[in-house]
Amino acid sequence: MHTPDFDVVVVGLGAMGAATLYQLAKRGVKVLGIDRFAPPHDLGSSHGDTRITRQAVGEGAAYVPLAIRSQQIWRELESELDVQLFEQCGVLVMTSSATAPAADGAADFTEHSIELARRNGIEHEVLDAAQIRQRFPQFAPIHDSALGYFEPGGGYVRPERCIEAQLTRAQALGATWIGGETVTALANEDGLVRITSQGRSVTAGKAIVCAGMWSSELLGAPFDQLLRVCRQTLYWFKLEEPTPFAPCSPSFIIHGASEAETCYGFPPVPGEGSMKIATEQYSATSLPDTLDRQVSRAEAEQMYRQLVAVNFTGVTPQLVKSAVCAYTVTPDSGFIIDQHPRLANVTVVSACSGHGFKHSAAIGEALAQQCVDGRSEVDLSAFSLQRFSSGQGR
Ligand SMILES: Cc1cc2nc3c(=O)[nH]c(=O)nc-3n(C[C@H](O)[C@H](O)[C@H](O)COP(=O)(O)OP(=O)(O)OC[C@H]3O[C@@H](n4cnc5c(N)ncnc54)[C@H](O)[C@@H]3O)c2cc1C
């Protein structure tokens, strides 16, 4: 076996890749990162100013240690770089619908969060509609049936700043990274991995692929059968003055009776008199390179009518800005963090669906631990590819 050019090459430097590069560099690994754009950028899945973080992760117990550890890593980075990454304003998860009890998984989400918090000793409060309105007056119009889970340790992180901070630290610790170069092929060669991009061809002992919505394009089967790219729209609506939002208002998730009644959002970011709100859609699939990146006026009007007007007071219909982002989703909406089934020494980190950012710093750490120590402190087995072949994953 020849000596590789690098111990590890990380493909893609968004949320997952930047965290992995940083953690590898921290452990003295000779690592190269390559991204097709100039991270942090607004063409993948990690832009739009804010991402919710919460510890009682209703998506499943396997995520809880990753969310908790990520918050610690962001605090470490904040003190190292004197930058603000994590705003601990709390998070309010609600089930609220004027039309009918929320259907299946949606109804369970708030209750599941409460149950997970109880089981894991995560500080929280359970609130009814009257308590929610009294505590957070911006939610005055919510339905009387609303059930709320408030976690004071949650809040939001700043995704672009987190990526930039981790790339900055990685570089300071000796990592090399390159933007504006697309990796076009990965292959095994003489016990190593050969990584070919438009600009170079290098060998590494291992490759870690964090290519987000381009994962299928780069990796082919079985990822092209498992991953779907779903366009999502983000809206910032101007607030009335004076605003009903208290200075420390929580991030929020509202589960309604259907996808159309479900949304999440953020309190005004300091210095900006607007509220960011977004929905999730999983019915229409897109391709990364032809993704419609414009939000139409009709989409913004519908968002205001269907979700802002019915859940909030003090938010005007004036759209301050909008953005398009994309979820890359698996059939069960869980993550895939596993070895490539055919390429030796290639780990795939995708798709992280719509909820990966809050876990990204700890995922990077766990992957670096696997590379250096052969095992990670946090158990990643829930994210294996195996679940799709054994019929466990939907
Ligand atoms: C609208 C929206 C809202 C969200 N809200 C939340 C939230 O509130 N809380 C939360 O926890 N999560 C949230 N998420 C999910 C979270 O943001 C994502 O799971 C996470 O950012 C995905 O990170 P990633 O590294 O997998 O992908 P990306 O950040 O997209 O990174 C992939 C990178 O790979 C690069 N790349 C791709 N192909 C190649 C190639 N061939 N060669 C070189 N480079 C390549 C791309 O340029 C890109 O930089 C949200 C996502 C979206 C879209």
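The following paragraphs examine the structure supplied in this document. Everything numeric here is computed off the predicted structure, so don't read it as measured data. (Residues numbered from 1 in each chain as written. Predicted model: local features only at pLDDT ≥ 70, side-chain atom pairs only at ≥ 80, totals over all residues. Heavy atoms only, no water.)

Interhelical geometry of helix 1 (residues 15-26) versus helix 5 (residues 159-172) gives an angle of 30 degrees and a closest axis separation of 8 Å. One finds that helix 1 runs roughly parallel with respect to helix 5. Every pair of crossing elements has a handedness; the one defined by helix 1 and helix 5 is left-handed. Facing helix 1, whose interface residues are Ala15, Ala18, Ala19, Leu21, Tyr22 and Ala25, helix 5 presents Ile163, Gln166, Leu167, Arg169 and Ala170. A per-class count over the contact of helix 1 with helix 5 returns nine nonpolar, one polar and one charged. (Axes fitted to C-alpha atoms, helices over the stretch in contact; angles between N-to-C directions. Helix = DSSP H or I, 4+ residues; strand = E, 2+ residues; numbered from the N terminus. Parallel < 35°, antiparallel > 145°, perpendicular 65-115°, else oblique. Left-handed = near helix turned anticlockwise from the far one by under 90°. Contact = heavy atoms within 4.5 Å. Nonpolar A, V, L, I, M, F, W, Y, C, P; charged D, E, K, R; others polar.)

Moving on to the site of the ligand. Taken together, the neighbourhood of the ligand is formed by 35 residues, with Asp35, His41, Ser46, Ile52 and Cys325 sitting nearest. Between Cys210 and the ligand, the recorded distance is 3.4 Å, taken from a backbone N or O atom to an oxygen atom. Against a free-state accessible area of 1,000 Å², the protein chains account for coverage of 98% of the ligand. Elements with a contribution of two residues or more to the shell around the ligand: helix 1, strand 3 (51-53), strand 17 (315-329) and helix 9 (357-373). The element that contributes the greatest number of residues to the shell around the ligand is strand 17, accounting for three residues. (Near = heavy atom within 4 Å. Polar contact = N/O pair within 3.5 Å; in protein donor to acceptor, adjacent residues only side chain to side chain. Areas by Shrake-Rupley, 256 points an atom, 1.4 Å probe, with all protein chains shown as cover.)

Let us now look at the sheet that holds strand 5 (residues 91-95). Whether parallel or antiparallel, the strands of a sheet pair through hydrogen bonds between backbone atoms. As summarised here, the arrangement of the eight strands in space is 6-7-5-14-15-16-13-17, forming an open sheet in which the pairing is mixed. Each of the sheet's edge strands pairs with one partner strand only, and the pair in question is strand 6 (125-128) and strand 17. On average, adjacent strands in this sheet sit at an angle of 20 degrees to one another, irrespective of strand direction. In terms of strand pairing, strand 15 (residues 263-266) meets strand 16 (residues 274-278) through three bridges, oriented antiparallel. If you follow Tyr264 over to strand 16, its bridge partner there is Ala278. On top of the sheet, helix 8 (residues 297-311) reaches strand 13 (228-239), strand 14 (251-255), strand 15, strand 16 and strand 17; it is set at about 65 degrees to strand 13, its chief contact. (Pairing = 2+ DSSP bridges.)

Read these as geometric descriptors, not functional statements.
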